[in-house]
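Residues per chain, in single letters:
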Amino acid sequence: MTRSPATPGGTLILDSEGLAKAVQRDRAVTGWLALAQADDMRVITSAATLVEVIHPRIKRTALEWTLSRIVVEPVSEPIARHAAALLANAGLHGHKYAIDAMLSATALAAPGPATVLTSDPEDLTALCGRTVTVLKI
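One numbering rule holds for all chains: residues counted from 1, following each sequence as written. Only residues with pLDDT of 70 or above have their local features reported here, since the model is predicted, and side-chain atom pairs are shown and tallied only from 80 upward, although totals for entire chains, interfaces and linings are computed over all residues. Only hydrogens and water are set aside; all other atoms, that is, all heavy atoms of the structure, feed into the side-chain values.

(A) Representation of the pattern of salt bridges. Whenever Lys or Arg places a side-chain nitrogen within 4 Å of a carboxyl oxygen from Asp or Glu, that contact is recorded as a salt bridge. Counting across every chain of the model gives 3 salt bridges. Across the salt bridge formed by Arg-60 and Glu-64, the nearest N and O atoms sit 3.8 Å from each other. With Arg-60 and Glu-64 both in helix 4 (residues 60-67) and 4 residues apart, the pair spans about one turn of that helix. Relative accessible area serves as the criterion here: at 45%, Arg-60 is assigned to the partly exposed category. Owing to a relative accessible area of 42%, Glu-64 belongs among the partly exposed residues under this scheme. With its nearest N and O atoms 2.8 Å apart, the salt bridge here joins Arg-81 to Glu-77. Pair noted here: Arg-81 and Glu-77 are both in helix 5 (residues 77-90), with a separation of 4 residues, about one helical turn. Judged by relative accessible area, which is 59%, Arg-81 ranks as exposed. Here's how the labels work: a residue is buried when its accessible area is under 20% of the maximum for its type, exposed when over 50%, partly exposed in between, all with a 1.4 Å probe on protein chains only. The class for Glu-77 is exposed, based on a relative accessible area of 51%. What counts as a helix is a DSSP run of H or I of at least four residues, what counts as a strand is a run of E of at least two, and both are numbered from the N terminus.

Below is the structure:
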């Protein structure tokens, strides 16, 4: 059975490192983005991730071009509350894990199957559990 072109093939989620590498046109991340497009997957990140990625040295035009090709999901109150619950369930707290928790809540809310590209697979796996595939980049 073949998938209908109108049915998304899941979601690829970029954490801050994934987004930064997409902006830099990193070969591995570019490959993942091409596969996502070929498989009709949504590519998303959390609005909170932008806080980590945007800094004076980033190439602003490359960032804007990359962002125009992905969906930046807002951090709504339900996402924030879910992120807080994920932190509590994982026994984590504080600002060190806050953005990862918001990204994890966003990933868990995304149409599956969901895959996160991250430089921090341990924390994301602790927060997402086995529902989301977490891949180190």
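(B) Here's a closer look at the nonpolar core. What makes a nonpolar core is a set of buried Ala, Val, Leu, Ile, Met, Phe, Trp, Tyr and Cys residues whose side-chain atoms join them at distances within 4.5 Å. In terms of nonpolar packing, the biggest core is built from 16 residues, with Leu-14, Leu-19, Val-43, Leu-63, Leu-67 and Ile-70 touching the most fellow members. Broken down by secondary-structure element, the contributors of at least two residues to this core are strand 1 (11-14), helix 1 (16-23), helix 2 (27-38), helix 3 (47-53) and helix 4. Any pair of residues with heavy atoms lying within 4.5 Å of one another is described as a contacting pair. In this structure, Leu-14 is in contact with Leu-19, Ala-22, Leu-33, Val-43, Ile-44, Thr-45, Thr-49, Ile-70, Leu-103 and Leu-117, ignoring residues within four places of it in sequence.

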